[in-house]
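So you can see what is in the structure, the chains are spelled out below.
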Amino acid sequence: MDKEKNRVRQRANEIKPYRCKNLIAVLENPMDIKNIGTVIRNVNALGVEKTYIVDSRKALPDDWEEMREKKSLSKTSVSAIKWSFVKRFDSSEDCLKHLEKNRFRSVVTSPHVKGKINEILHEADYTMPKLAVWFGNESRGISDEVVASSDFCVSIPMFGMIESLNLGTTTGIVLYEITKQRRAFQEKYKRAGRGPQKSTESNQ
């Protein structure tokens, strides 16, 4: 048991410098529990700090510890739920208020032109101090309420007859680009002798 704990602690120390502070992936009313697990796996693997889930149907438990014990999430996330911070909200409005209170800026992902400003994924800058990246419902996409509260809308360039990707694939592609930028930015500040801004969010 001690050997296993030491192995886990060693791994945690190894990946700590690569975690992206003050970066949150937000899922707005996902319908499929399997997709939630897949996204949490992506979030953990790519070093995103937290996952927020707007769950209007109240399909998930409020308590993170209970969520960790949910077999459907543990299986589809390949146990990543055990090592990831996940918080649920009853509505998009509640989540937006929480983010705004803690000075997070929001961007939304959509293959359609919906935001006030629209950016191609790899052309946008994601190095603002605190960032929440929203991903919409599998069938309806992101809500107008969240689009209205966002800084800009991000799209993945696609060149097939079907311009559509599933939620797991979309989050993987988008978060890879964003974490790549933020890690490079954090490393730049580290070399300059200034660490990245510490997480100061309240009511986690």
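Residues numbered from 1 in each chain as written. Predicted model: local features only at pLDDT ≥ 70, side-chain atom pairs only at ≥ 80, totals over all residues. Heavy atoms only, no water.

1. Some words on the overall build of the protein
Which entries qualify depends on this criterion: Runs of E in the DSSP output that reach at least two residues are strands. Runs of H or I that reach at least four are helices, and both are numbered from the N terminus. It only takes one pair of heavy atoms within 4.5 Å for two residues to be counted as in contact. Surface accessibility follows the Shrake-Rupley procedure with a 1.4 Å probe radius. Residue values consider only the protein chains on display as shielding.
When its secondary structure is counted, the protein shows seven helices and seven strands. For the protein, the succession of helices and strands along the chain, N to C, is α-β-α-β-α-α-β-α-β-β-β-α-β-α. The contacts in the protein between residues at least 6 apart in sequence include a share of 85% that link residues at least 24 apart. Of the roughly 11600 Å² that the protein leaves accessible, carbon and sulfur atoms contribute 51%.

2. Re helix H2 (residues 33-46)
Put simply, the rule is: One less than the number of residues in a helix, times 1.5 Å, gives the span that helix is expected to have. Per-residue accessibility, obtained with a 1.4 Å probe over protein chains only, is compared with the maximum for each type, and a residue is labelled buried under 20%, exposed over 50%, and partly exposed between these values. Polar contacts here mean pairs of N or O atoms no more than 3.5 Å apart (in protein, one a potential hydrogen donor and the other a potential acceptor; neighbouring residues in sequence count only if both atoms are side-chain atoms).
For H2, which comprises 14 residues, the first-to-last C-alpha distance of 20 Å matches the rise-based estimate of 20 Å (1.5 Å per residue) to within 8%. Listing the buried residues of H2 in full gives Asn 35, Ile 36, Gly 37, Val 39, Ile 40, Asn 42, Val 43 and Leu 46. For H2, the N-terminal capping position is held by Asp 32, with its side-chain oxygen 2.8 Å away from the main-chain nitrogen of Lys 34. A positive phi of about 85° marks Gly 47, the residue just after H2.

3. Things to note about the pairing of strand E2 (residues 48-54)
The line we're drawing: Two strands pair if DSSP finds at least two bridges between them. Convention used here: a crossover is right-handed provided that the path from the first strand, over the helix, to the second strand proceeds clockwise when the strands point away from the viewer.
The element E2 is largely enclosed, with a buried count of seven among its seven residues. Here strand E1 (residues 20-28) runs beside E2; their pairing, made up of six bridges, is parallel. Each bridged residue has a counterpart across the sheet, and for Ile 24 the counterpart in E2 is Lys 50. Between the parallel pair E1 and E2, the chain is carried across by H2, and the sense of this crossover is right-handed. Pairing analysis gives five bridges linking E2 to strand E3 (residues 85-89), with the strands arranged parallel. The partner of Val 54 across the bridge, within E3, is Phe 89.

4. Points about the sheet that holds strand E5 (residues 118-120)
Threshold: Note on method: axes are straight lines fitted to C-alpha atoms, helices fitted across the in-contact stretch only, with angles between N-to-C directions ranging 0 to 180 degrees.
If you walk across this open sheet you meet the seven strands as E3-E2-E1-E6-E4-E7-E5, and the pairing is parallel. On the outer flanks of this sheet lie E3 and E5, each paired with one strand and no other. If you compare each strand with its neighbour and ignore which way they point, the axes differ by 25° on average. As defined by bridge partners, E1 adjoins strand E6 (residues 131-135) across five bridges and the pair is classed as parallel.

5. Describing the packing of aromatic side chains
The test is simple: Only Phe, Tyr and Trp rings take part, Trp by its six-membered ring, and two of them pair if their centres are within 6.5 Å. Stacked means planes under 30 degrees apart, edge-to-face means over 60, and tilted covers everything else. The criterion is that NZ of a Lys, or CZ of an Arg, lies within 6 Å of the ring centre and within 35 degrees of the ring normal, and then a charge sits over that ring.
Applying the stated criterion across every chain, the model contains two aromatic pairs. Considering the side-chain rings of Tyr 126 and Phe 152, the 6.2 Å spacing of their centres and the 45° angle between planes classify their relative orientation as tilted. Linking Tyr 126 in the loop between E5 and E6 with Phe 152 in strand E7 (residues 152-155), this pair joins segments that are 26 residues apart in sequence. For the pair formed by Tyr 126 and Phe 152, the shared burial category is buried. Sitting over the face of the ring of Phe 85, Lys 50 holds its NZ or CZ atom 5.3 Å from the ring centroid.

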